[in-house]
Amino acid sequence: MEDKGFTHLHVHSEYSLLDGACQVKKLVKTAGELGMTSLALTDHGNMFGALTFYSACVAAGIKPIIGTEAYIAPGSRKDREAKGIGEAAYHLILLAQNRTGYHNLLKLASSAYLEGFYYRPRIDREILSQHSEGLICCSACLAGELPTFLAKGERDKAVEAALYYKKLFGPDRFYVEIQSHCADQNAVNPLLIELAHELDIPLVATNDVHFLREQDYEAHEVLTCLSTGKTFEDDNRLKYPRGLFLKSAQQMREMFPDCPEACDNTLKIADMCDLKLDFGQQHAPVYIPRTTRPPKNISKSFVSKA
């Protein structure tokens, strides 16, 4: 099969705490060895590794695409009524298209921790609608809204969610995500593809990368045991699919022979993203000098002694 290229847009690093096993610098190095010219980072609910990732990519000549796999509450981010972690939030991939999108990601990630934390740092549709400019959205893994509803036979809810995100982000910035590494995902893929075609929403292929190389699978399984409090011998522990490593472009295209456009769209999205960050300026807070008299309506106790 001809290597037409591919960009990984759903990738977890060590900053997907106790879940991702890719060290950022090794992740970028491996992507370069695979001949990739662009790469995304989408850690769970945070952007802790964003600047390290950005710098490593620039140094390696790879276009960095900064994103996050957000947790989005089924209702308000301020609700605390879910009975368990599985009901508290869906997954949603958000990628910064430009500096405006990057700033919006920062606002969303901060709000998720400060206002929406319940089991996980969560956003909701309200705050997402306020900070959607400059973002590209993908429907995420099996834990996303669309695949969750379709797997339950709740197609009307899947249609509603898809149309909501299409309207919010527009026809060029929302994608129905498909993956192919477990039986449940492969069962729902035809439903996702049918939905995307019916609603005229483009498809995008991802691999939900959690570890670097195929041989790193068992090491990642140990990490999963640590995060879930299980032993390696426990047959009932959480087990990830073996294929969640950083695959080559050819390997990814071989996974989706009937949907080449889903792989082509990873390159289209990469072309749409053009984030430039300037590390030459400082953005430290401005402190009131000690010699400056504070305004009359500010207590002296709040004046910095800097």
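Residues numbered from 1 in each chain as written. Predicted model: local features only at pLDDT ≥ 70, side-chain atom pairs only at ≥ 80, totals over all residues. Heavy atoms only, no water.

1. Overview of the overall build of the protein chain
The following threshold applies: Secondary structure elements follow DSSP: runs of H or I no shorter than four residues count as helices, runs of E no shorter than two count as strands, and numbering proceeds from the N terminus. When we talk radius of gyration, it's over C-alpha atoms, and the globule rule is simply 2.2 Å times the number of residues to the 0.38. Here the term buried applies to any residue with accessible area under 20% of the maximum for its type, exposed to any over 50%, and partly exposed to those in between, with areas from a 1.4 Å probe on protein chains only. For this analysis, residues touch if any pair of their heavy atoms sits within 4.5 Å. Areas reported as accessible are Shrake-Rupley estimates using a 1.4 Å probe. Residue values count occlusion only from the protein chains shown.
Counting its regular elements, the protein chain contains 11 helices and 7 strands. On C-alpha atoms alone, the protein chain measures out to a radius of gyration of 21 Å, which is about the 19 Å that the 2.2 N^0.38 rule sets for 306 residues. Taking the principal axes of the C-alpha coordinates as reference, the protein chain spans close to 70 × 45 × 45 Å. Taking all 306 residues of the protein chain together, the buried fraction comes to 52%. Considering only contacts within the protein chain whose residues lie at least 6 apart along the sequence, 75% involve residues at least 24 apart. When the accessible area of the protein chain is evaluated, it comes to approximately 15400 Å², of which 52% is carbon and sulfur surface.

2. Looking at the pairing of strand E5 (residues 135-138)
Note on strand geometry: in a regular strand, side chains alternate between the two faces of the sheet. Formally: Two strands qualify as a pair provided DSSP detects at least 2 bridges between them.
Neither face of E5 is exposed, since Leu135 and Cys137 on one face and Ile136 and Cys138 on the opposite face are all buried. Note: strand E3 (residues 90-96) against E5, 4 bridges, orientation antiparallel. When the bridges of E5 are listed, Ile93 appears paired with Cys138.

3. Considering the packing of aromatic side chains
This is how it is decided: Any two of the Phe, Tyr and Trp rings considered here, Trp counted by its six-membered ring, make a pair once their centres fall within 6.5 Å; the pair's planes then place it as stacked at under 30 degrees, edge-to-face at over 60, or tilted in between. The rule is short: NZ of Lys or CZ of Arg within 6 Å of the ring centre and within 35 degrees of the ring normal puts a charge over the ring.
What the rule picks out here adds up to 8 aromatic pairs. Both rings, one in Phe48 and one in Tyr113, keep their centres 6.1 Å apart while their planes meet at 35°; by these two values the pair is tilted. Of the two residues, Phe48 is situated in the loop between strand E1 (38-44) and helix H2 (50-60) and Tyr113 in helix H4 (residues 99-114); the sequence distance between them amounts to 65 residues. Given a relative accessible area of 34%, Tyr113 falls into the partly exposed group. Taken together, the ring pairs in this structure connect Phe48, Tyr113 and Phe117 into an aromatic cluster. Above the face of the Tyr164 ring, Arg125 is positioned so that its terminal group lies 4.1 Å from the ring centre. Above the ring of Tyr165, the side-chain terminus of Arg125 is found at 5.6 Å from the ring centroid.

4. So, the confidence of the model for the protein chain
Should the pLDDT be low somewhere, the predicted coordinates at that spot are not to be read in detail. The criterion, for reference: What pLDDT reports is the predictor's confidence in each residue, on a scale of 0 through 100.
Looking at the protein chain as a whole, the pLDDT averages 92, with 94% of positions reaching at least 70. Predicted confidence is poor over residues 300-306, with pLDDT under 50, and the contacts of this stretch with residues over four places away or in other chains come to 10 contacts.

5. Considerations on H4
The condition is simple: A helix's residues, less one, multiplied by 1.5 Å, set its expected span. N or O atoms within 3.5 Å of each other form a polar contact, as long as, within protein, one can give a hydrogen and the other can take it, and as long as residues adjacent in sequence are counted only when both atoms are side-chain atoms.
End to end, H4 covers 23 Å across 16 residues, agreeing with the expected 22 Å (1.5 Å per residue, within 8%). Buried within H4 are the following residues: Gly101, Tyr102, Asn104, Leu105, Leu108, Ala109, Ser111 and Ala112. Packing partners of the buried residues in H4 comprise H2, strand E2 (63-72), E3, strand E4 (122-123), helix H5 (125-130) and E5. Put simply, Asn98 is the residue that caps the front of H4, since its side-chain oxygen is 3.2 Å from the backbone nitrogen of Thr100.

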